[in-house]
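Now for the letters of each chain:
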Amino acid sequence: MKRLLALALSTLSLSALAETAIDAHKLYQQHCASCHGAQRTGGMGPALLPESLARLRPAEARKTIAEGRAATQMPAFKEQLQPADIEALSKLIYEPVRPTPSWSEVDIQASRIQHADARKLPHKPVWSADPMNLFVVVEGGDHHVSLVDGDRFEPIHRFPTRYALHGGPKFSPDGRFVFFGSRDGWISKYDLWNLKLVAEVRAGLNMRNVAVSSDGRWVIAANYLPHNIVLFDSDLKLVQSHATRAGVESSRVSAAYDAAPRQSFVVALKDLPELWEISYSGKKLAAPRRIALEEPLDDFFFDPAYRHALGASRPQGNGEARAQVVDLDAGRKVANLPIAGMPHLGSGITFDYQGRRVLASPNLKDGAIDVIDLGSWQTVKTIPTPGPGFFMRSHEKTPYAWVDSMMAPKAKDRLSIIDKRTLEVVAEVREPGKTLAHIEFTKDGRFALASVWEMDGALVVFDAATFKEVKRLPMSKPVGKYNLFNKITRSEGTSH
Ligand code: DHE
């Protein structure tokens, strides 16, 4: 018995020794900190804290470190790390960071920086080009933004941004200001007419996106960490924050969008089955209206009338994603959406097909575009593409919709062009061996701009009728481009 105990103890101390021999903190700083933050509070990658990993099983965490994560920038580490290293790292991320990272209203207020007084600057552009046909191009490679004249396709200006912007920039209704959100919580307000940074504030430690109200008065930030939404006035001065909690449970925020015709922000929660709506129709912001759902929503999209929110839940483990339709007036789910795989509803577009309004959405898991009738919520057609893609775009004035396959290693260099009248892929453009992704049209729909999504990448201008290349501008990993007119008029072919 004594011998058995001694053996057990020595085995125990040996395994403890093996574990302590691996310095998980050192490994973390070496391999993870540049994307997930030195304090694990997030950056380009999400926060790796127990608070934000509540729904991730340890086995899933190990798999993610070893194999990377589809549809994200998370690479596979199994070639660089031993299984024991991966085990140690996966344990570390469930351990609390001491002191616990927090971000209070006081921190938010203290972080605000006023760079310029926009009221004292001229109320007209200091450059000569159509201010409505301006493209704002986010260059993720070296964290810059380029402003491009959408008539001549000439750069107007280039400036540095916060690290790892994510999500579409949002514009003030007159098109003078643009608001950027970074993954680690910074919101930057930039004066496009005077080419000046106006103000910045850190809304949270790990942020999903920002939205600007259609009247230009309010800005909302959706956070993963802390679990809250934060509302600002248009000068980025804090107005209020709301913890996204129900009883003892709290939730990350999937996204917040402006619902212009409803004069409200709509907010989806990732870990609680609720959708929130905050009206700004009055002089002040209303308290959140909470709509109970059957399951939490991830990405979502509005129908053209903004009566319905169409949302998808990301699958956990090996489960399938599910999608649903929520009637925002009635405040309840009214239908299931027949979308398989991993729909990227936030990148969906709508258009008329044979007299009915349809939604087409890319899919992060399969090479397929689902086209759904917005009246009956039934699938009209599933269009095969060469591989899973992130982004889809069209314009009222073109019969074509363009979609990438950037998640497919063998088809990431192909853009498929779909005829909206027949729902057939009718053409393709290629950039052999490079990632070709994210499309946006000019104000008049005559040209489609796509990204060669590489460090030594480019913005490529295609004639939207002939699909021939017209021009290219060198850029550093241009992750997204946004046409000011299409955005502020909420073109049916672009993201909102
Ligand atoms: Fe995004 C928009 C969520 C990974 C580039 N992405 C959005 C939006 C959401 C979202 C909710 C809409 C916000 C908005 O525009 O206001 N993105 C997610 C994820 O959940 C996911 C899959 C995992 C994650 O890491 O967060 C994810 N996204 C990525 C990337 O890996 C991409 C390709 C590279 C990057 O820079 O992070 C990426 N997402 C983008 C871009 C937009 C975006 C370029 C804006 C698209 C647009 O045209 O409006």
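Sequence order sets the numbering: in each chain, residues are counted from 1 along the sequence as written. Confidence filtering applies because this is a predicted model: local features only for residues at pLDDT of at least 70, side-chain atom pairs given and counted only at 80 or more, and all residues used for totals across whole chains, interfaces and linings.

Engineer: What's the story with the overall build of the protein in this structure? I'm lost.
Structural biologist: Every helix listed is a DSSP run of H or I at least four residues long, and every strand listed is a run of E at least two residues long, numbered separately from the N terminus. Each helix and strand in the protein was counted, giving 6 helices and 35 strands. With C-beta atoms placed from the backbone, a residue is labelled by how many other C-beta atoms lie within 10 Å of its own: buried for 20 or more, exposed for 12 or fewer, partly exposed between the two. Every one of the 496 residues in the protein was classed for burial, and the buried ones make up 46%. Excluding contacts between residues fewer than 6 apart, the proportion of contacts in the protein whose partners are at least 24 apart in sequence is 47%. Placing C-beta atoms from the backbone, we regard two residues as in contact once those atoms come within 7 Å.

Engineer: Help me out: how do you make sense of the sheet that holds strand E11 (residues 228-233) in this one?
Structural biologist: For sheets, the rule is that strands pair by backbone hydrogen bonds, running either parallel or antiparallel. Reading across the sheet, the 4 strands line up as E9-E10-E11-E12 and stay open at both edges, with antiparallel pairing between neighbours. Every interior strand has two partners, whereas the edge strands, strand E9 (206-212) and strand E12 (238-243), have only one. On average, adjacent strands in this sheet sit at an angle of 20° to one another, irrespective of strand direction. When DSSP finds at least two bridges between two strands, those strands are taken to pair. Where E11 lies against E12, 5 bridges are found, and the strand directions are antiparallel. Across the sheet, Leu231 pairs through a bridge with Gln240, a residue of E12. Between N-to-C directions, angles cover 0 to 180 degrees, with each direction set by a line fitted to C-alpha atoms, over the stretch in contact for helices.

Engineer: Quick question: what am I supposed to make of the nonpolar core here?
Structural biologist: When a protein is soluble and globular, its nonpolar side chains tend to lie buried together. Formed by 124 residues in total, the largest nonpolar core has its most connected members in Ile220 and Ala256. With 7 residues, strand E10 (residues 218-225) is the largest single contributor of residues to this core. Note that the domain bounds reflect an automated or database-derived domain assignment. Shared between two domains, this core holds at least three residues of each, these being domain 1 (12-92) and domain 2 (105-488). We define a nonpolar core as a collection of buried residues of the types Ala, Val, Leu, Ile, Met, Phe, Trp, Tyr and Cys that are connected via C-beta atoms lying within 7 Å of each other.

Engineer: What is the right way to read the packing of helix H3 (residues 58-67) against helix H4 (residues 83-92) from this model?
Structural biologist: When two helices pack together, their arrangement is captured by the angle between the axes and the distance separating the axes. Relative orientation of the contacting elements H3 and H4 amounts to 125°, with a least axis distance of 9 Å. Taken as axis vectors, H3 and H4 run oblique relative to one another. Once H3 is placed against H4, the crossing between them reads as right-handed. Contact with H3, carried on its side by Pro58, Ala61, Arg62, Ile65 and Ala66, involves Ile86, Glu87, Leu89 and Ser90 of H4 and no other residues of that element. Split by residue class, the contact of H3 with H4 holds 6 nonpolar, 1 polar and 2 charged. For classification purposes, an angle smaller than 35 degrees is called roughly parallel, one larger than 145 roughly antiparallel, one from 65 to 115 roughly perpendicular, and anything else oblique. Crossings are assigned a handedness: left-handed for a near helix turned anticlockwise from the far helix by less than a right angle, right-handed for a clockwise turn. All amino acids are sorted into three groups, where Ala, Val, Leu, Ile, Met, Phe, Trp, Tyr, Cys and Pro are nonpolar, Asp, Glu, Lys and Arg are charged, and the leftover types, Gly among them, are polar.

Engineer: Mind showing me how you'd approach the site of the ligand here?
Structural biologist: Only the C-beta atom, placed from the backbone, is used; a residue is near a molecule or strand if that atom lies within 6 Å of it. The immediate surroundings of the ligand are formed by 18 residues, with Gly167, Gly168, Asn209, Gly480 and Ser495 found nearest. Sorting the residues of the shell around the ligand by element identifies E9 and strand E35 (478-483) as the ones contributing at least two each. Taken together, the residues that form the shell around the ligand break down as 5 nonpolar, 11 polar and 2 charged. Each of domain 1 (12-92) and domain 2 (105-488) gives at least three residues to the shell around the ligand.

Engineer: Could you clarify how one ought to interpret the confidence of the model for the protein in this entry?
Structural biologist: Close reading of the predicted structure is inappropriate where its pLDDT is low. With 93% of its residues at a pLDDT of at least 70, the protein reaches an overall mean of 92. The pLDDT score gives, residue by residue, the confidence of the prediction method on a 0 to 100 scale. Across residues 1-19, confidence stays below pLDDT 50; counting only partners more than four residues off in sequence or on other chains, it has 2 contacts. Listed scores for the predicted complex are pTM 0.88 and ipTM 0.97.

Engineer: How do you make sense of the domain arrangement of the protein when you look at a structure like this?
Structural biologist: By a widely used convention, the size of an interface equals the accessible area lost when the partners come together. Along its sequence, the protein is organised into domain 1 (12-92) and domain 2 (105-488). Once you take the C-alpha centre of each, domain 1 and domain 2 turn out to be 29 Å apart.

Engineer: Which parts of the structure should I look at to understand the sheet that holds strand E33 (residues 457-463)?
Structural biologist: The strand order across the open sheet built from 4 strands is E31-E32-E33-E34, with neighbouring strands paired in antiparallel fashion. Each end of this open sheet is capped by a strand with a single partner; those strands are strand E31 (436-441) and strand E34 (469-475). On average, adjacent strands in this sheet sit at an angle of 20° to one another, irrespective of strand direction. Bridge count between E31 and strand E32 (residues 447-452): 5 bridges; the pairing is antiparallel. Its bridge partner being in E32, Glu440 is matched across the sheet by Leu449.

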